[in-house]
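Structure assessment
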Amino acid sequence: MDLQIHGKKALMAGGSAGMGRATAERLAEAGVELYISARREERLVNAAKDISEKYGVSVTPVVADSSKEEGRQTLFDACPDPDILCITITPPAPNGDYLNITPDMWRESIETALIGPIEIMRNFIPVMKNKGWGRIVNIATFSAKNPMIWRLMSGPARSALINYTASVSRDIAASGVNINNLLPGMFATEGAAEIMPIYAEAFGLEPTAESVLPHFLENNKIPAGFMAEPDDLAPMAALLCSPLSRFIVGQNIVIDGGQHASLF
Ligand SMILES: NC(=O)c1ccc[n+]([C@@H]2O[C@H](COP(=O)([O-])OP(=O)(O)OC[C@H]3O[C@@H](n4cnc5c(N)ncnc54)[C@H](OP(=O)(O)O)[C@@H]3O)[C@@H](O)[C@H]2O)c1
(Lines give C-alpha, C1' and ligand atoms only; values in the text may rest on other atoms or scores of the structure.)
Protein backbone atom coordinates (compact mmCIF):
# COMPACT_ATOMS: atom_id res chain seq x y z
CA MET A 1 0.00 0.00 0.00
CA ASP A 2 1.35 3.46 -0.91
CA LEU A 3 0.93 5.66 2.17
CA GLN A 4 1.29 8.76 -0.05
CA ILE A 5 3.69 10.47 2.37
CA HIS A 6 6.88 10.24 0.31
CA GLY A 7 8.79 13.53 0.71
CA LYS A 8 6.85 14.72 3.75
CA LYS A 9 8.61 15.83 6.93
CA ALA A 10 7.95 14.12 10.27
CA LEU A 11 8.96 14.80 13.84
CA MET A 12 8.95 11.63 15.96
CA ALA A 13 9.29 12.94 19.51
CA GLY A 14 10.62 9.91 21.39
CA GLY A 15 12.11 8.02 18.45
CA SER A 16 15.28 6.26 19.57
CA ALA A 17 13.71 3.08 20.95
CA GLY A 18 10.57 0.99 21.31
CA MET A 19 7.38 1.93 19.52
CA GLY A 20 8.65 5.40 18.66
CA ARG A 21 11.62 4.01 16.80
CA ALA A 22 9.49 1.38 15.05
CA THR A 23 7.14 4.16 13.92
CA ALA A 24 10.10 6.22 12.70
CA GLU A 25 11.24 3.21 10.67
CA ARG A 26 7.83 2.76 9.04
CA LEU A 27 7.76 6.45 8.13
CA ALA A 28 11.31 6.25 6.77
CA GLU A 29 10.32 3.21 4.72
CA ALA A 30 7.58 5.34 3.17
CA GLY A 31 10.13 8.00 2.16
CA VAL A 32 9.57 10.57 4.91
CA GLU A 33 12.29 13.00 6.01
CA LEU A 34 12.67 12.48 9.74
CA TYR A 35 13.56 14.34 12.91
CA ILE A 36 13.72 11.99 15.88
CA SER A 37 14.25 13.05 19.48
CA ALA A 38 15.12 11.51 22.83
CA ARG A 39 16.90 12.41 26.06
CA ARG A 40 19.80 9.98 25.77
CA GLU A 41 22.19 11.06 23.04
CA GLU A 42 24.19 7.97 22.16
CA ARG A 43 21.24 5.67 21.49
CA LEU A 44 19.49 8.46 19.60
CA VAL A 45 22.42 9.22 17.31
CA ASN A 46 22.89 5.51 16.59
CA ALA A 47 19.19 5.09 15.81
CA ALA A 48 19.21 8.06 13.44
CA LYS A 49 22.26 6.71 11.62
CA ASP A 50 20.81 3.17 11.38
CA ILE A 51 17.43 4.35 10.06
CA SER A 52 19.00 6.72 7.57
CA GLU A 53 21.33 4.03 6.20
CA LYS A 54 18.60 1.39 6.06
CA TYR A 55 15.98 3.48 4.24
CA GLY A 56 18.04 6.14 2.46
CA VAL A 57 16.24 9.13 3.98
CA SER A 58 17.50 12.06 6.02
CA VAL A 59 17.14 11.43 9.78
CA THR A 60 18.16 14.25 12.13
CA PRO A 61 18.67 13.39 15.82
CA VAL A 62 17.53 16.03 18.31
CA VAL A 63 18.55 15.59 21.94
CA ALA A 64 15.65 17.07 23.90
CA ASP A 65 13.49 16.22 26.90
CA SER A 66 9.84 16.59 25.80
CA SER A 67 8.70 16.89 29.40
CA LYS A 68 10.63 20.14 29.92
CA GLU A 69 9.94 23.54 28.42
CA GLU A 70 13.56 23.98 27.35
CA GLY A 71 13.59 20.56 25.66
CA ARG A 72 10.39 21.32 23.79
CA GLN A 73 11.84 24.61 22.54
CA THR A 74 14.83 22.66 21.21
CA LEU A 75 12.39 20.47 19.27
CA PHE A 76 10.50 23.46 17.88
CA ASP A 77 13.74 25.10 16.75
CA ALA A 78 15.10 21.92 15.16
CA CYS A 79 11.97 21.11 13.18
CA PRO A 80 9.64 24.12 13.02
CA ASP A 81 7.32 22.89 10.26
CA PRO A 82 6.62 19.15 10.28
CA ASP A 83 3.77 17.69 8.24
CA ILE A 84 3.60 14.76 10.63
CA LEU A 85 4.02 14.78 14.40
CA CYS A 86 4.20 11.64 16.53
CA ILE A 87 4.74 11.90 20.25
CA THR A 88 5.63 9.41 22.91
CA ILE A 89 6.97 10.14 26.38
CA THR A 90 7.95 7.77 29.16
CA PRO A 91 5.83 8.50 32.23
CA PRO A 92 7.14 8.12 35.80
CA ALA A 93 7.83 4.57 36.96
CA PRO A 94 5.13 2.21 38.20
CA ASN A 95 3.83 3.13 41.64
CA GLY A 96 3.73 0.93 44.70
CA ASP A 97 1.00 1.46 47.31
CA TYR A 98 -1.33 4.16 46.00
CA LEU A 99 -1.63 5.60 49.52
CA ASN A 100 2.02 6.61 49.21
CA ILE A 101 1.55 8.67 46.05
CA THR A 102 2.33 12.28 46.92
CA PRO A 103 1.20 15.50 45.22
CA ASP A 104 4.71 15.93 43.84
CA MET A 105 4.48 12.51 42.20
CA TRP A 106 1.15 13.49 40.61
CA ARG A 107 2.69 16.74 39.40
CA GLU A 108 5.56 14.86 37.75
CA SER A 109 3.16 12.46 36.06
CA ILE A 110 0.98 15.27 34.74
CA GLU A 111 3.94 17.41 33.71
CA THR A 112 5.37 14.53 31.71
CA ALA A 113 2.50 12.51 30.30
CA LEU A 114 -0.11 15.24 29.87
CA ILE A 115 1.46 18.69 29.64
CA GLY A 116 4.42 17.46 27.56
CA PRO A 117 2.35 16.15 24.63
CA ILE A 118 -0.20 18.97 24.90
CA GLU A 119 2.48 21.64 24.69
CA ILE A 120 4.10 20.00 21.67
CA MET A 121 0.72 19.78 19.92
CA ARG A 122 -0.14 23.35 20.90
CA ASN A 123 3.01 24.56 19.16
CA PHE A 124 2.49 22.65 15.92
CA ILE A 125 -1.28 22.81 15.42
CA PRO A 126 -1.18 26.40 14.06
CA VAL A 127 1.73 25.46 11.76
CA MET A 128 -0.20 22.51 10.34
CA LYS A 129 -3.42 24.50 10.03
CA ASN A 130 -1.56 27.14 8.02
CA LYS A 131 -0.30 24.42 5.68
CA GLY A 132 -3.82 23.02 5.36
CA TRP A 133 -2.66 19.50 6.20
CA GLY A 134 -1.13 17.67 9.11
CA ARG A 135 -1.22 14.46 11.07
CA ILE A 136 -0.66 14.09 14.80
CA VAL A 137 -0.42 10.71 16.53
CA ASN A 138 0.14 10.21 20.24
CA ILE A 139 1.47 6.86 21.39
CA ALA A 140 0.04 6.80 24.90
CA THR A 141 -1.22 3.74 26.81
CA PHE A 142 -4.20 1.45 27.03
CA SER A 143 -4.25 2.19 30.77
CA ALA A 144 -5.90 5.47 29.71
CA LYS A 145 -9.00 3.27 29.23
CA ASN A 146 -8.03 0.25 31.29
CA PRO A 147 -7.29 1.31 34.90
CA MET A 148 -4.32 -0.47 36.44
CA ILE A 149 -3.52 -0.07 40.13
CA TRP A 150 0.26 -0.13 39.53
CA ARG A 151 0.15 2.33 36.62
CA LEU A 152 -1.43 5.35 38.30
CA MET A 153 1.50 7.54 37.24
CA SER A 154 0.70 6.77 33.59
CA GLY A 155 -3.02 6.00 33.06
CA PRO A 156 -4.81 8.96 34.67
CA ALA A 157 -2.65 11.59 32.92
CA ARG A 158 -3.23 9.82 29.60
CA SER A 159 -6.99 9.61 30.23
CA ALA A 160 -6.83 13.40 30.40
CA LEU A 161 -4.70 13.50 27.24
CA ILE A 162 -7.24 11.54 25.21
CA ASN A 163 -10.02 13.73 26.60
CA TYR A 164 -8.09 16.81 25.38
CA THR A 165 -7.44 15.34 21.93
CA ALA A 166 -11.09 14.25 21.59
CA SER A 167 -12.07 17.94 21.75
CA VAL A 168 -9.17 19.52 19.91
CA SER A 169 -9.12 17.01 17.04
CA ARG A 170 -12.74 17.85 16.23
CA ASP A 171 -12.03 21.57 16.36
CA ILE A 172 -9.25 21.35 13.74
CA ALA A 173 -10.39 18.45 11.53
CA ALA A 174 -11.89 20.71 8.84
CA SER A 175 -8.48 22.32 8.33
CA GLY A 176 -7.02 18.99 7.23
CA VAL A 177 -5.22 18.32 10.51
CA ASN A 178 -6.13 15.09 12.28
CA ILE A 179 -5.16 13.94 15.76
CA ASN A 180 -5.50 10.32 16.81
CA ASN A 181 -4.09 8.30 19.67
CA LEU A 182 -2.67 4.81 19.83
CA LEU A 183 -3.11 3.05 23.15
CA PRO A 184 -0.64 0.17 23.44
CA GLY A 185 -0.93 -2.75 25.81
CA MET A 186 2.01 -4.98 26.67
CA PHE A 187 4.97 -4.54 24.33
CA ALA A 188 8.45 -6.02 24.70
CA THR A 189 10.50 -2.84 24.33
CA GLU A 190 13.63 -1.32 25.79
CA GLY A 191 11.37 0.77 28.03
CA ALA A 192 9.49 -2.28 29.32
CA ALA A 193 12.81 -3.96 30.19
CA GLU A 194 13.90 -0.86 32.09
CA ILE A 195 10.86 -0.89 34.38
CA MET A 196 11.06 -4.60 35.15
CA PRO A 197 13.11 -4.07 38.37
CA ILE A 198 10.65 -1.43 39.55
CA TYR A 199 7.72 -3.75 38.84
CA ALA A 200 9.52 -6.48 40.80
CA GLU A 201 10.06 -4.17 43.76
CA ALA A 202 6.43 -3.00 43.73
CA PHE A 203 5.23 -6.61 44.01
CA GLY A 204 8.02 -7.89 46.28
CA LEU A 205 9.53 -10.15 43.58
CA GLU A 206 13.10 -11.02 42.69
CA PRO A 207 14.20 -8.66 39.88
CA THR A 208 14.76 -11.46 37.38
CA ALA A 209 12.82 -12.33 34.23
CA GLU A 210 12.09 -15.81 35.70
CA SER A 211 10.43 -14.22 38.72
CA VAL A 212 8.72 -11.25 37.09
CA LEU A 213 7.37 -12.66 33.80
CA PRO A 214 5.06 -15.38 35.25
CA HIS A 215 3.64 -12.84 37.74
CA PHE A 216 3.26 -10.28 34.99
CA LEU A 217 1.50 -12.62 32.56
CA GLU A 218 -0.74 -13.95 35.35
CA ASN A 219 -1.87 -10.37 36.04
CA ASN A 220 -2.06 -9.35 32.41
CA LYS A 221 -4.13 -11.86 30.48
CA ILE A 222 -3.47 -11.26 26.79
CA PRO A 223 -5.94 -13.10 24.55
CA ALA A 224 -3.48 -12.98 21.64
CA GLY A 225 -1.18 -15.05 23.87
CA PHE A 226 2.03 -13.04 23.57
CA MET A 227 3.66 -9.72 24.34
CA ALA A 228 3.85 -7.54 21.26
CA GLU A 229 6.91 -6.30 19.39
CA PRO A 230 7.22 -2.57 18.61
CA ASP A 231 6.34 -3.20 14.96
CA ASP A 232 2.95 -4.57 16.03
CA LEU A 233 1.99 -0.91 16.48
CA ALA A 234 4.10 0.97 13.94
CA PRO A 235 2.13 0.16 10.74
CA MET A 236 -1.03 1.55 12.33
CA ALA A 237 0.87 4.66 13.40
CA ALA A 238 2.14 5.13 9.83
CA LEU A 239 -1.36 4.73 8.42
CA LEU A 240 -2.64 7.42 10.80
CA CYS A 241 0.17 9.68 9.52
CA SER A 242 -0.98 9.40 5.92
CA PRO A 243 -3.63 11.09 3.77
CA LEU A 244 -5.40 7.71 3.73
CA SER A 245 -6.58 8.43 7.30
CA ARG A 246 -8.42 11.65 6.40
CA PHE A 247 -11.75 10.44 7.86
CA ILE A 248 -10.24 9.11 11.10
CA VAL A 249 -10.59 11.90 13.65
CA GLY A 250 -10.04 11.92 17.40
CA GLN A 251 -9.90 8.16 17.76
CA ASN A 252 -8.20 6.07 20.44
CA ILE A 253 -7.06 2.81 18.93
CA VAL A 254 -6.20 0.15 21.48
CA ILE A 255 -3.45 -2.25 20.36
CA ASP A 256 -3.21 -4.77 23.15
CA GLY A 257 -3.84 -8.27 21.81
CA GLY A 258 -7.38 -8.08 23.17
CA GLN A 259 -6.38 -7.51 26.80
CA HIS A 260 -8.81 -4.66 27.46
CA ALA A 261 -12.29 -6.11 26.96
CA SER A 262 -14.77 -3.48 25.83
CA LEU A 263 -17.14 -2.91 22.94
CA PHE A 264 -15.84 0.57 22.06
N1 LIG B 1 6.05 -1.17 26.49
C2 LIG B 1 4.87 -1.37 27.02
O3 LIG B 1 4.50 -2.49 27.37
C4 LIG B 1 3.91 -0.21 27.17
C5 LIG B 1 2.65 -0.49 27.69
C6 LIG B 1 1.73 0.52 27.77
C7 LIG B 1 2.08 1.80 27.39
N8 LIG B 1 3.32 2.05 26.92
C9 LIG B 1 3.64 3.43 26.55
O10 LIG B 1 4.05 3.48 25.20
C11 LIG B 1 4.99 4.54 25.04
C12 LIG B 1 6.24 3.99 24.36
O13 LIG B 1 6.76 3.00 25.22
P14 LIG B 1 8.00 2.08 24.78
O15 LIG B 1 7.87 0.86 25.60
O16 LIG B 1 8.11 2.02 23.31
O17 LIG B 1 9.20 2.97 25.40
P18 LIG B 1 10.78 2.95 25.13
O19 LIG B 1 11.21 1.65 24.57
O20 LIG B 1 11.42 3.41 26.38
O21 LIG B 1 10.94 4.09 24.04
C22 LIG B 1 10.56 5.42 24.37
C23 LIG B 1 11.25 6.38 23.44
O24 LIG B 1 10.87 7.73 23.78
C25 LIG B 1 12.02 8.45 24.28
N26 LIG B 1 11.54 9.30 25.38
C27 LIG B 1 10.94 8.90 26.51
N28 LIG B 1 10.67 9.94 27.30
C29 LIG B 1 11.12 11.05 26.65
C30 LIG B 1 11.15 12.42 26.96
N31 LIG B 1 10.71 12.91 28.12
N32 LIG B 1 11.67 13.27 26.05
C33 LIG B 1 12.15 12.80 24.88
N34 LIG B 1 12.16 11.51 24.54
C35 LIG B 1 11.65 10.63 25.42
C36 LIG B 1 13.02 7.37 24.70
O37 LIG B 1 14.35 7.78 24.67
P38 LIG B 1 15.06 8.38 26.01
O39 LIG B 1 14.66 7.45 27.13
O40 LIG B 1 16.51 8.41 25.70
O41 LIG B 1 14.49 9.75 26.19
C42 LIG B 1 12.76 6.35 23.59
O43 LIG B 1 13.33 6.78 22.39
C44 LIG B 1 5.25 5.13 26.43
O45 LIG B 1 4.46 6.28 26.58
C46 LIG B 1 4.76 4.03 27.35
O47 LIG B 1 4.29 4.55 28.58
C48 LIG B 1 4.25 1.07 26.80
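The structure under discussion appears in the preceding block.
These numbers come from a predicted model, not from an experiment. (Residues numbered from 1 in each chain as written. Predicted model: local features only at pLDDT ≥ 70, side-chain atom pairs only at ≥ 80, totals over all residues. Heavy atoms only, no water.)

1. Brief notes about empty space enclosed by the protein
Let me state the cut-off plainly: Method remark: on a 1 Å grid restricted to protein atoms, a set of points is classed as a cavity if a 1.4 Å probe fits but cannot get out and as a pocket if it is open with protein on both sides within 12 Å along at least five of seven lines; lining residues have an atom within 4 Å of a point. Grid points are joined across faces, edges and corners, and a volume is the space filled by probe spheres set on the points. The way it works is that DSSP assigns letters per residue, a run of H or I at least four long becomes a helix, a run of E at least two long becomes a strand, and they are numbered from the N terminus. Throughout this entry, Asp, Glu, Lys and Arg are counted as charged residues, while Ala, Val, Leu, Ile, Met, Phe, Trp, Tyr, Cys and Pro are counted as nonpolar. The remaining residues, Gly among them, count as polar.
Enumeration according to the criterion identifies one cavity of 30 Å³ or more in this entry. What lines the largest cavity is simply Ile87, Thr88, Ile89, Ala113, Pro117, Asn138, Ile139, Ala140, Arg158 and Leu161. Within the residue set of the lining of the largest cavity, elements represented by two or more residues are helix 4 (103–131), strand 5 (134–139) and helix 5 (155–172). Among the residues forming the lining of the largest cavity, the class breakdown is seven nonpolar, two polar and one charged.

2. So, the site of the ligand
The condition that has to hold: In this text, near means that some heavy atom of the residue lies within 4 Å of the molecule or strand in question. A 3.5 Å cut-off defines polar contacts: any pair of N or O atoms within that distance qualifies, except that in protein one atom must be a possible hydrogen donor and the other a possible acceptor, and neighbouring residues in sequence count only when both atoms are side-chain atoms. Here the accessible surface of atoms and residues is derived via Shrake-Rupley with a 1.4 Å probe, and residues count as covered only by protein chains that are part of the display.
Surrounding the ligand, one finds 30 residues, the nearest of these being Ser16, Arg39, Arg40, Arg158 and Thr189. Here Arg43 contributes a side-chain N or O atom positioned 3.3 Å from an oxygen atom of the ligand. A distance of 3.3 Å separates an oxygen atom of the ligand from a polar atom in the side chain of Thr88. Contact with the protein chains hides 94% of the accessible area of the ligand, taken as 880 Å² for the molecule alone.

3. Focus on the nonpolar core
Side chains that are nonpolar tend, in soluble globular proteins, to be buried together. Short version of the rule: For the purposes of this section, nonpolar cores are sets of buried Ala, Val, Leu, Ile, Met, Phe, Trp, Tyr and Cys residues that join through side-chain atoms within 4.5 Å. Exposure is judged per residue with a 1.4 Å probe applied to protein chains only, and the accessible area is read against the type maximum: over 50% gives exposed, under 20% gives buried, and values in between give partly exposed. Any pair of residues with heavy atoms lying within 4.5 Å of one another is described as a contacting pair.
In this structure, Leu75, Leu85, Ile120, Met121 and Ile136 are the most contacted members of the largest nonpolar core, which totals 39 residues. Those residues in contact with Leu85, other than ones at most four positions away along the chain, are Leu11, Ile120, Met121, Phe124, Met128, Arg135, Ile136 and Val137. Core analysis: the next-biggest nonpolar cluster, separate from the first, contains 33 residues, Ala28, Cys86, Ile139 and Ala238 among them.

That is the geometry; function is a separate question.
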